[in-house]
Amino acid sequence: MPIELIILFSMLIVFAGGVFWLKLPSGVAMAAASFIGALVGGHGIPVRHLIEGTFGYLDAVLIISTAMIFMKVVEATGALGTISYGMIKSLYRSPSLLMILVAFFVMFPGMLTGLSSACILTTGALVAPALIGMGMPAVSVGAFIAVMAVLGMIAPPINIPVMIIGGGVDMPYVGFEKPLIFLTFPLAIVTALYYRFRFIKKIDVNEVLGKLPQSVYDKHGIKLFIPIFIVVGLMIGVRFAPDGIPDFGIPLIFMIGAVVGLKTGEKVDAVKVSRSAIRESLPVLGILVGVGMFVQVMTLTGVRGYLALSALQLPPELLYPGIALIMPAMGSAYAASSVIGVPILFVFLGRNEIVVTSALSLIAGLGDLMPPPSLLCVFAAQILGIKNHFTILRAAVIPIIIALLFSILTIVYAADIGSFLQ
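Let me sum up the structure you'll find in this document. Position numbers for residues start from 1 in each chain and track the written sequence from start to end. For this predicted model, a pLDDT threshold of at least 70 governs which residues receive local features, and a threshold of 80 or more governs which side-chain atom pairs are given and counted, while totals over whole chains, interfaces and linings are taken from all residues. Just so you know, side-chain values use all the structure's heavy atoms and leave hydrogens and water out.

Quick look at the side chain of Thr-82 now. Tracing the sequence through the fold places Thr-82 in helix H5 (residues 79-91). Note on Thr-82: relative accessible area 7%, which makes it buried. Not counting chain neighbours up to four residues away, the residues in contact with Thr-82 comprise Ser-215, Val-216, Tyr-217, Leu-224 and Phe-225. The secondary structure listing takes helices from DSSP runs of H or I that are at least 4 residues long and strands from runs of E that are at least 2 residues long, numbered from the N terminus. Categorising residues by exposure relies on relative accessible area from a 1.4 Å probe, with only protein chains included: less than 20% of the type maximum marks a residue as buried, more than 50% marks it as exposed, and the intermediate range marks it as partly exposed. We call two residues in contact whenever any of their non-hydrogen atoms come within 4.5 Å of each other.

It is worth spelling out the nonpolar core at this point. Note on terminology: a nonpolar core comprises buried Ala, Val, Leu, Ile, Met, Phe, Trp, Tyr and Cys residues joined through side-chain atoms within 4.5 Å. Phe-144 and Tyr-334 are the most contacted members of the largest nonpolar core, which has 151 residues in total. With sequence-adjacent residues up to four places away left out, Tyr-334 is seen in contact with Gly-114, Leu-115, Met-153, Ile-160, Pro-161, Ile-164, Val-284, Ile-287, Leu-288 and Val-291.

Another point: the packing of aromatic side chains. Put simply, two rings from Phe, Tyr or Trp (the six-membered ring, in Trp's case) pair if the centres are within 6.5 Å, and we call them stacked under 30 degrees between planes, edge-to-face over 60, tilted for the rest. Considering all chains together, one arrives at nine aromatic pairs under this definition. With 5.1 Å between their ring centres and 50° between their planes, Phe-104 and Phe-185 make a pair best called tilted. Of this pair, Phe-104 sits in helix H6 (residues 95-113) while Phe-185 sits in helix H10 (residues 177-199); the two residues are 81 residues apart in sequence, bridging distant segments of the chain. For Phe-104, a relative accessible area of 23% gives the class partly exposed. With centroids separated by 6.5 Å and ring planes inclined at 20°, the aromatic side chains of Tyr-195 and Phe-199 adopt a geometry described as stacked. Of the two residues, Tyr-195 and Phe-199 are both situated in helix H10; the distance of four residues between them amounts to about one turn of the helix. The two residues Tyr-195 and Phe-199 agree in class, both being buried. Here the aromatic residues Phe-144, Tyr-194, Tyr-195 and Phe-199 are joined through ring pairs into a cluster of three or more.

Attention shifts here to helix H1 (residues 3-21). With 19 residues, H1 extends 26 Å from end C-alpha to end C-alpha; this agrees with the ideal 27 Å at 1.5 Å per step. Within the span of H1, buried status applies to Ile-7, Leu-8, Ser-10, Met-11, Phe-15, Gly-17, Gly-18 and Val-19. Immediately downstream of H1, the backbone of Lys-23 shows phi near 60°, a positive value. One less than the number of residues in a helix, times 1.5 Å, gives the span that helix is expected to have.

Glancing now at the packing of helix H7 (residues 116-133) against helix H20 (residues 375-384). When two helices pack together, their arrangement is given by the angle between the helix axes and the distance between those axes. Fitted lines through C-alpha atoms give the axes, limited to the stretch in contact for helices. The angle between two N-to-C directions lies from 0 to 180 degrees. Their axes nearest at 10 Å, the elements H7 and H20 cross at an angle of 40°. Considering the angle they form, H7 stands oblique to H20. Relative to H20, the crossing made by H7 is right-handed. Together, Ser-116, Ser-117, Ile-120, Gly-124, Ala-125, Ala-128 and Ile-132 of H7 and Leu-376, Phe-379, Ala-380, Ile-383 and Leu-384 of H20 make up the contact between the two elements. Under the scheme applied here, ten amino acids are nonpolar (Ala, Val, Leu, Ile, Met, Phe, Trp, Tyr, Cys and Pro), four are charged (Asp, Glu, Lys and Arg), and all others, including Gly, are polar. Looking at the contact of H7 with H20, its residues break down into nine nonpolar, three polar and no charged. Each angle is binned into one of four classes, with values under 35 degrees roughly parallel, values over 145 roughly antiparallel, values of 65 to 115 roughly perpendicular, and all other values oblique. Helix crossings get a hand from a simple test, with the near helix turned counterclockwise from the far one by less than a right angle marking a left-handed crossing and a clockwise turn marking a right-handed one.

Turning our attention to helix H18 (residues 333-347). With 15 residues, H18 should reach 21 Å at 1.5 Å per residue; the first-to-last C-alpha distance of 20 Å fits that figure. Two axes enter the bend calculation: one fitted to the seven residues ending at the residue in question, the other to the seven starting there, and the bend is the angle between them. Approximately 45° is the largest bend angle found in H18, and it occurs at Gly-341, with the proline Pro-343 only one to four residues beyond. Burial analysis of H18 places 13 of its 15 residues in the buried class, which makes it a mostly covered element.

So, on to the pattern of salt bridges. Whenever Lys or Arg places a side-chain nitrogen within 4 Å of a carboxyl oxygen from Asp or Glu, that contact is recorded as a salt bridge. The tally for this structure, following the rule as stated, stands at four salt bridges. For Glu-52, the salt bridge identified is with Arg-48, shortest N-O distance 2.7 Å. Here Arg-48 and Glu-52 lie together in helix H3 (residues 47-54), a separation of four residues that amounts to about one turn. On the basis of relative accessible area, Glu-52 is assigned to the partly exposed category, the value being 38%. For Arg-48, a relative accessible area of 51% corresponds to the exposed category.

Further remarks concern unusual backbone geometry. In this structure, the amide linkage connecting Pro-156 to the following residue, Pro-157, adopts the cis form with an omega of 15°. Residue placement: Pro-157 occurs in the loop between helix H8 (138-154) and helix H9 (160-168). One non-glycine residue with positive phi stands out, namely Lys-23, at about 60°. With respect to the secondary-structure elements, Lys-23 resides in the loop between H1 and helix H2 (26-40). A positive phi is found at Asp-170, a non-glycine position, where the angle reads about 60°. Relative to the helices and strands, Asp-170 is located in the loop between H9 and H10.

With that out of the way, let us pick up the side chain of Lys-72. With respect to the secondary-structure elements, Lys-72 resides in helix H4 (residues 58-77). Given a relative accessible area of 11%, Lys-72 falls into the buried group. Other than its neighbours up to four places away in sequence, Lys-72 contacts Val-273, Ser-276, Ala-277 and Glu-280.

Any functional reading would require information beyond the geometric quantities listed.
Below, the structure is given as structure tokens:
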């Protein structure tokens, strides 16, 4: 057996043992696997490489931290509750359009933070009681929210799995907006309509609105949404601004929006909100640190090159089913992106790397739904009071299969899709 394969297996065994047997956080388990990989590879404890790996995804860490603070501030001001209340009050007579807008509303925090869990813990928790009041079973509500959380994490402007794959092949995070919209928005619409036609027939608007946070628009007016306008406006503005106008950077944009939000709605305790945001994002930040170390050691020991060469030798009839099965089975979008996504991308060099990377990120993102961790299903079960979170995964099987097929077809026709989107 090649030494690279021995190193990889030892790292994966340590990671799996740490997560499933010792119940360690995923980030700590990946760090431990990195130490073992370096030792098995004969490099001892390579302090320099481990430290470089720790800071490998510093930009993503800063984006997630500041974005979570912004989302918590916007939630505390009452803006998110007001949006959900207004959507349902205005569109309850058009259930299909309402479900599509609810889908995009649930996705919104993930689009800005790159975190799937943020969708469930903020907008997902806000709309869950309303969806149950509209006639959806709690298990299906959990499945709908969990799938939307994955799509929100993958949709632009922030996509952390793409950043991880791009970082592994020195590809800048530029030009991904259209492919990511092409992948996520149609799937969001199809998923919303799938659950709407299965469960929602007629909406009792009074019952639904009674389960939502009340609107504070009459109290604060349009200024309630100024932080959202500022963040979205700055993100768009810096992309199209003439040369010479500095790019503020996404973390600073989020902090500007958060500071403005302190005075635009309900009273916000800045310290309490910031602590809550960082506390909720720490597990993901730890994973990114662990992923950075893991990828660095894979590069140091030659494992990444071995995986890339092995992937290049796979026949097409095995390659596509392997991607669809193995990447989600990693159980984490970040782990799948770093371990599988980076070498697989080398197989498709010359098609349209931006489109292929976007599709790979969606396949990797579905890993957040998969057992044994089933992280998003666990979060959804917690907010809905469901004891067996695997029932949520079963209720999401059809949208998951559709997303996998769409992603694989996007990879197959990446060159044509890239030309069409341009």
